[in-house]
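Each chain is listed here by its residues.
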Amino acid sequence: MPTGREPEMHEMWCGADTSGEPVWHVLTPDKTSTLCGVEKQEESPRRHSTDRHCFSCMKTFQTVVASR
Ligand SMILES: [Zn+2]
């Protein structure tokens, strides 16, 4: 069970950024798009893990978490 401090409503999704490189986005609570406004696609551009995170998503995510 979540402790209550975890941002359990937000999942990570590995998708392409604006230049097509794989990055980790943060999904909106309804999981249809990302916090930076990218529409989630079913197929990943690559089954490829990356260490990169979407800066826009991270920034928005931190704002959301900080406001709770
Ligand atoms: Zn993003």
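Engineer: How should the overall build of the protein be read in this particular structure?
Structural biologist: Across its full length, the protein holds one helix and two strands. Overall, the protein shows an N-to-C arrangement of helices and strands of β-β-α. Per-residue burial over the protein gives 16% buried out of 68 residues. The contacts of the protein with a sequence gap of at least 6 include a subset with a gap of at least 24, amounting to 44%.

Engineer: Looking at this structure, I do not really get the environment of S33. What am I missing?
Structural biologist: Mapping S33 onto the fold places it in the loop between strand 2 (22-26) and helix 1 (55-66). Remark: the alpha-carbon pair of S33 and W13, spanning 20 residues in sequence, is separated by 9.5 Å. Apart from the residues within four sequence positions on either side, S33 is in contact with T28, V38, E39 and K40.

Engineer: Please clarify how the nonpolar core should be interpreted in this entry.
Structural biologist: Generally speaking, nonpolar side chains in soluble globular proteins are found buried as a group. Membership of the largest hydrophobic core is limited to seven residues, which are V23, V26, L27, L35, C54, C57 and F61. Of all the secondary structure elements, the ones that give two or more residues to this core are strand 2 and helix 1. Once residues within four sequence positions are removed from consideration, V26 is found in contact with H10, M12, T34, L35, C57 and F61.

Engineer: Could you clarify how one ought to interpret the pairing of strand 2 in this entry?
Structural biologist: Taken residue by residue, a regular strand's side chains alternate between the two faces of the sheet. Strand direction decides the pairing type here: strand 1 (residues 12-16) and strand 2, joined by five bridges, are antiparallel. When the bridges of strand 2 are listed, G15 appears paired with V23. The turn linking strand 1 back onto strand 2 is made up of five residues, and G20 within it adopts a positive phi angle of 90°.

Engineer: Mind showing me how you'd approach the environment of T32 here?
Structural biologist: Among the secondary structure elements, T32 is positioned in the loop between strand 2 and helix 1. Remark: the alpha-carbon pair of T32 and E42, spanning ten residues in sequence, is separated by 9.9 Å.

What counts and what doesn't
Residues numbered from 1 in each chain as written. Predicted model: local features only at pLDDT ≥ 70, side-chain atom pairs only at ≥ 80, totals over all residues. Helix = DSSP H or I, 4+ residues; strand = E, 2+ residues; numbered from the N terminus. Buried ≥ 20, exposed ≤ 12 C-beta atoms within 10 Å, placed from the backbone. Contact = placed C-beta atoms within 7 Å. Core = buried A, V, L, I, M, F, W, Y, C linked by C-beta atoms within 7 Å. Pairing = 2+ DSSP bridges.

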